[in-house]
Amino acid sequence: MNSKTYSREQRTRYRQRLLENLDRFAGFLSTAKFADTASIGLELELNLTNQDFTPALRNTAVLEEIADPAFQTEIGAFNIEMNHPALSINGSGLRDLEDSLRYQLNRADTRAAELKTEILMVGILPTFQPAVLEDREWLSAGKRYAALNTSVLQARGEDVHVDLRAAEALSFYAKNIAPEAACTSVQLHLEVSPEDFAPAWNAAQIIAAPQVALAANSPVFLEHVLWHETRIELFKQAIDTRPPEMRNQGAAACLVRGAVDHLDF
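So, a few notes on the structure that sits alongside this text. (Residues numbered from 1 in each chain as written. Predicted model: local features only at pLDDT ≥ 70, side-chain atom pairs only at ≥ 80, totals over all residues. Heavy atoms only, no water.)

**Examining the overall build of the chain**
As a reminder, the rule being used: Here a strand is any run of E in DSSP of at least two residues, a helix any run of H or I of at least four, and the numbering for each starts at the N terminus. Burial here depends on accessible area, computed with a 1.4 Å probe over protein chains only, as a share of the maximum for the residue type. Under 20% is buried, over 50% is exposed, and the range in between is partly exposed. When checking whether two residues touch, look at their non-hydrogen atoms; a contact exists if any pair is within 4.5 Å. Calculation of accessible area relied on Shrake-Rupley with a 1.4 Å probe; when residues are assessed, cover is drawn exclusively from the protein chains displayed.
Looking only at helices and strands, one finds 10 helices and nine strands in the chain. When burial is assessed residue by residue, the chain has 37% of its 265 residues classed as buried. The contacts in the chain between residues at least 6 apart in sequence include a share of 71% that link residues at least 24 apart. Carbon and sulfur atoms make up 54% of the accessible area of the chain, which amounts to about 15,200 Å² in all.

**Re helix 5 (residues 143–156)**
Worth spelling out the cut-off: One fewer than the residue count of a helix, multiplied by 1.5 Å, yields its expected span.
Taking 1.5 Å per residue, 14 residues should reach 20 Å; helix 5 reaches 20 Å between its end C-alpha atoms and fits that length. Those residues of helix 5 not exposed but buried are Tyr-145, Ala-146, Ala-147, Leu-148, Asn-149, Ser-151, Val-152 and Arg-156. Looking one or two residues past helix 5, Gly-157 carries a phi angle of roughly 80 degrees, positive in sign.

**Some points on the pattern of salt bridges**
Selection rule: Each reported salt bridge corresponds to a side-chain nitrogen of Lys or Arg within 4 Å of a carboxyl oxygen of Asp or Glu.
Going through the model one piece at a time under the given rule, you end up with five salt bridges. We note a salt bridge from Arg-95 to Glu-98, for which the minimum N-O separation is 3.6 Å. Taken together, the residues Arg-95 and Glu-98, both in helix 3 (residues 93–113) and three residues apart, mark about one turn of the helix. Since its relative accessible area comes to 51%, Arg-95 is described here as exposed. When the shortest N-O distance is used, the salt bridge between Arg-165 and Asp-163 registers 3.2 Å. Residue classification places Arg-165 among the exposed positions, given a relative accessible area of 53%. By relative accessible area, Asp-163 is classed as partly exposed at 28%.

**Re a nonpolar patch on the surface**
Where we set the bar: Patch members must show over 30% relative accessible area and no salt bridge, and they are joined within 9 Å when carrying like charges or within 5 Å when they are nonpolar side chains of Val, Leu, Ile, Met, Phe, Trp or Tyr.
Taken together, the side chains of Leu-18, Leu-19 and Leu-22 make up a nonpolar region of the molecular surface, amounting to roughly 270 Å² of accessible area. Tracing the backbone shows Leu-19 in helix 1 (residues 8–31).

**Quick look at the packing of aromatic side chains**
The geometry of an aromatic ring pair is captured by two quantities: the separation of the ring centres and the angle between the planes. Short version of the rule: Working definition: a ring pair exists when centres of Phe, Tyr or Trp rings (six-membered ring for Trp) sit within 6.5 Å. Plane angles under 30 degrees give stacked, over 60 give edge-to-face, the rest tilted.
Throughout the structure, instances matching the rule amount to four aromatic pairs. Judged by centre distance (6.3 Å) and plane angle (45 degrees), the ring pair of Phe-172 and Phe-221 falls under tilted. With Phe-172 in strand 6 (residues 169–174) and Phe-221 in strand 8 (residues 220–221), this pair connects stretches of sequence that are 49 residues apart. The exposure class of Phe-221 is buried, given its relative accessible area of 0%. Aromatic side chains Phe-197 and Trp-201 sit 6.1 Å apart centroid to centroid with 20 degrees between the ring planes, which places their arrangement in the stacked category. Pair noted here: Phe-197 and Trp-201 are both in helix 7 (residues 194–215), with a separation of four residues, about one helical turn.

**Details of the packing of helix 2 (residues 59–66) against helix 3**
Selection rule: Note on definitions: angles span 0 to 180 degrees between N-to-C directions of axes, and those axes are lines fitted to C-alpha atoms, for helices only across the stretch in contact. Each angle receives one of four descriptions, namely roughly parallel if under 35 degrees, roughly antiparallel if over 145, roughly perpendicular if within 65 to 115, and oblique otherwise. Crossing chirality is assigned from the near helix's rotation relative to the far helix, an anticlockwise turn below a right angle marking it left-handed and a clockwise turn marking it right-handed. Following the grouping adopted for this structure description, the nonpolar residues are Ala, Val, Leu, Ile, Met, Phe, Trp, Tyr, Cys and Pro, the charged ones are Asp, Glu, Lys and Arg, and the polar ones are all others, Gly among them.
Closest axis-to-axis distance for the helix 2/helix 3 pair is 9 Å, and the angle between their directions is 120 degrees. The angle between helix 2 and helix 3 places the two elements in the oblique class. Crossing of helix 2 against helix 3: the hand is right-handed. Taking contact as the criterion, the partners of Val-62, Glu-65 and Ile-66 in helix 2 are, on helix 3, Arg-107, Ala-108, Arg-111 and Ala-112. Class assignment of the residues belonging to the contact of helix 2 with helix 3 gives a composition of four nonpolar, no polar and three charged.

Below, the structure is given as structure tokens:
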């Protein structure tokens with residue numbers, strides 16, 4: 001990817017490749033043999049801060065210092081992501097995952113400290129300031145991140161309107177999707193066989209609300225007290241490609257993060 005935008009030809013090719021992959025995946029599900037035991041993996045998004053806990057826009061330098069392929073960039077220059085390899089959930093699988101995570105995070109924290117940088121696990125940094133939205137350095141290096149930002153803005157045809165109303169109200173227009181970068185999360189992946197997918201999916205939906213309630217840790221954004229868990233609505237609004245009138249009409253949302261963020265031509 002050598003451009004900060006996608007041509008119509010590239011978008012067409014992406015759609016074709018996506019459909020091909022879906023067909024291939026459908027064939028895989030009908031013929032593949034799955035392991036007898038489920039496996040788990042994990043993605044963990046992290047915030048980088050200065051020693052006063054303000055956002056530190058230096059993920060490239062921190063990743064070079066950590067020097068571990070498990071740690072990668074995220075869209076914000078103050079974010080990094082850790083991808084843990086899959087392992088069996090049987091026996092001591094969860095404990096093994098915990099021990100491995102702690103070891104890798106401790107090591108990364110020590111390396112980051114060499115650059116006077118802290119690594120924090122929090123949904124939204126309470127110290128996130130409006131100046132970050134205007135800083136040209138907020139975006140991670142890499143054309144695909146610039147292309148993601150451009151794609152959302154082009155689809156909307158206007159600046160990003162964030163309107164959050166909870167304990168306090170916060171409404172503003174952003175010239176980029178930096179508000180989305182303020183949201184970090186942990187994503188646990190569970191592999192199950194095709195026949196176990198439906199009950200596993202249903203169980204995940206049932207426990208989703210209690211999980212959000214128990215793990216809520218993003219009550220403050222841009223010095224405003226909002227919901228205990230602000231990330232969900234902030235993320236949705238920051239990358240929603242619909243203009244306000246389409247959103248008010250209930251048109252289907254098209255959240256492009258998952259697709260474009262991993263697009264590679």
